[in-house]
Amino acid sequence: ISRPQDYTDLILVLSGRNSVNSSAFEIRPNSATTNLSGIRLTGNGSSVSSTSNTIILAYVSPSTATTNTFGNTQVYFSNYTASVAKSISIETSNENNGTTNDNAIIAALWNDTTAVSSIEIVALASGNAVAGTVASLYGIS
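The structure contained in this document is the topic of the report that follows. (Residues numbered from 1 in each chain as written. Predicted model: local features only at pLDDT ≥ 70, side-chain atom pairs only at ≥ 80, totals over all residues. Heavy atoms only, no water.)

## Re the nonpolar core
- I27, F77, I88 and I119 are the most contacted members of the largest nonpolar core, which totals 26 residues.
- Those elements that place two or more of their residues in this core are strand 1 (9-16), strand 2 (24-29), strand 5 (56-59), strand 6 (71-77), strand 7 (86-93), strand 8 (103-110) and strand 9 (119-123). (Core = buried A, V, L, I, M, F, W, Y, C linked by side-chain atoms within 4.5 Å. Buried < 20%, exposed > 50% of the residue type's maximum accessible area, 1.4 Å probe, protein only. Helix = DSSP H or I, 4+ residues; strand = E, 2+ residues; numbered from the N terminus.)

Dropping the structure here:
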C-alpha cells in the first residue's frame, strides 16, 4: 500500500482471513524486517499473556475459524514522515464466533528515521489473504 500525501499520521485498517491455519499477518513499514520491536498484550476469552516481539503483528481469521468470518486490525502510525523513530499502536482481533478469539493491543516501535513511504502486509506460515480481505489506508491531518 502506498502512503497518502500531506498528513501527520496514518491509519491502516485491515479486515482479513488467511488461507492457512494461522491468524498472523506481519506489517512492514517500507518492507522493513529489522529495527522493529513491540509489546503485545493478548487475551482469548480464557487467558491473558504479554509478549515482546521483533515484528509488527496483525491478526486475521485463520482458515479454521467460523466460515466467512474476518479478523479486524487497526494500525496507527504516529508522525510517519518525521526523521525520528516511529511509534505504532495496534488493536487487532481474529474473529471466530467461538469461545476462544485472540484479541490484542500492541505498542510497537520502528526505530528508523526514514519516512514511511509504503506498508507491506505479509501472511505468515506460508498463507495468503483470501478473497474478501481488504486493507485501507487513511491519512490523519
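Additional details are given in the paragraphs that follow.
## With respect to the pattern of salt bridges
- Inspection of the entire model under this criterion finds two salt bridges.
- Residue R28 is joined to E26 by a salt bridge in which the shortest nitrogen-to-oxygen separation is 3.2 Å. Grouping residues by exposure puts R28 and E26 together as buried.
- One salt-bridge network, in which partners are shared between bridges, spans E26, R28 and E120. (Salt bridge = Lys/Arg side-chain N within 4 Å of Asp/Glu carboxyl O.)

## Comments concerning the sheet that holds strand 1
- One open sheet accounts for seven strands, arranged 4-3-8-7-6-1-10; its pairing is antiparallel. Each edge of the open sheet is held by one strand with a lone partner, namely strand 4 (48-53) and strand 10 (134-140). Taken pair by pair, the neighbouring strands of this sheet meet at an average axis angle of 15°, ignoring direction.
- Bridging between strand 3 (residues 36-43) and strand 8 involves eight bridges; their strand directions are antiparallel. (Pairing = 2+ DSSP bridges. Axes fitted to C-alpha atoms, helices over the stretch in contact; angles between N-to-C directions.)

## What about a nonpolar patch on the surface?
- A cluster of nonpolar side chains, contributed by L41, V48 and I105, occupies part of the molecular surface with about 300 Å² of accessible area.
- Tracing the backbone through its elements, the reader meets L41 in strand 3.
- Looking at L41, the relative accessible area reads 44%, which means it is partly exposed. (Patch = residues over 30% accessible without salt bridge, like charges linked within 9 Å, V, L, I, M, F, W, Y side chains within 5 Å. Areas by Shrake-Rupley, 256 points an atom, 1.4 Å probe, with all protein chains shown as cover.)

## Considering the sheet that holds strand 5
- Reading across from one edge, 5-2-9 is the order of the three strands in this open sheet, with antiparallel pairing throughout. Whereas interior strands pair on both sides, the edge strands pair on one side only; in this sheet they are strand 5 and strand 9. The average angle at which neighbouring strand axes cross in this sheet is 35°, direction not considered.
- Taken together, the five bridges between strand 2 and strand 9 define a ladder with antiparallel strand orientation.

## Section: the pairing of strand 4
- Bridging between strand 3 and strand 4 involves six bridges; their strand directions are antiparallel. What sits directly across from G43, in strand 4, is V48.

Keep in mind that these numbers describe shape and distance, not what the molecule does.
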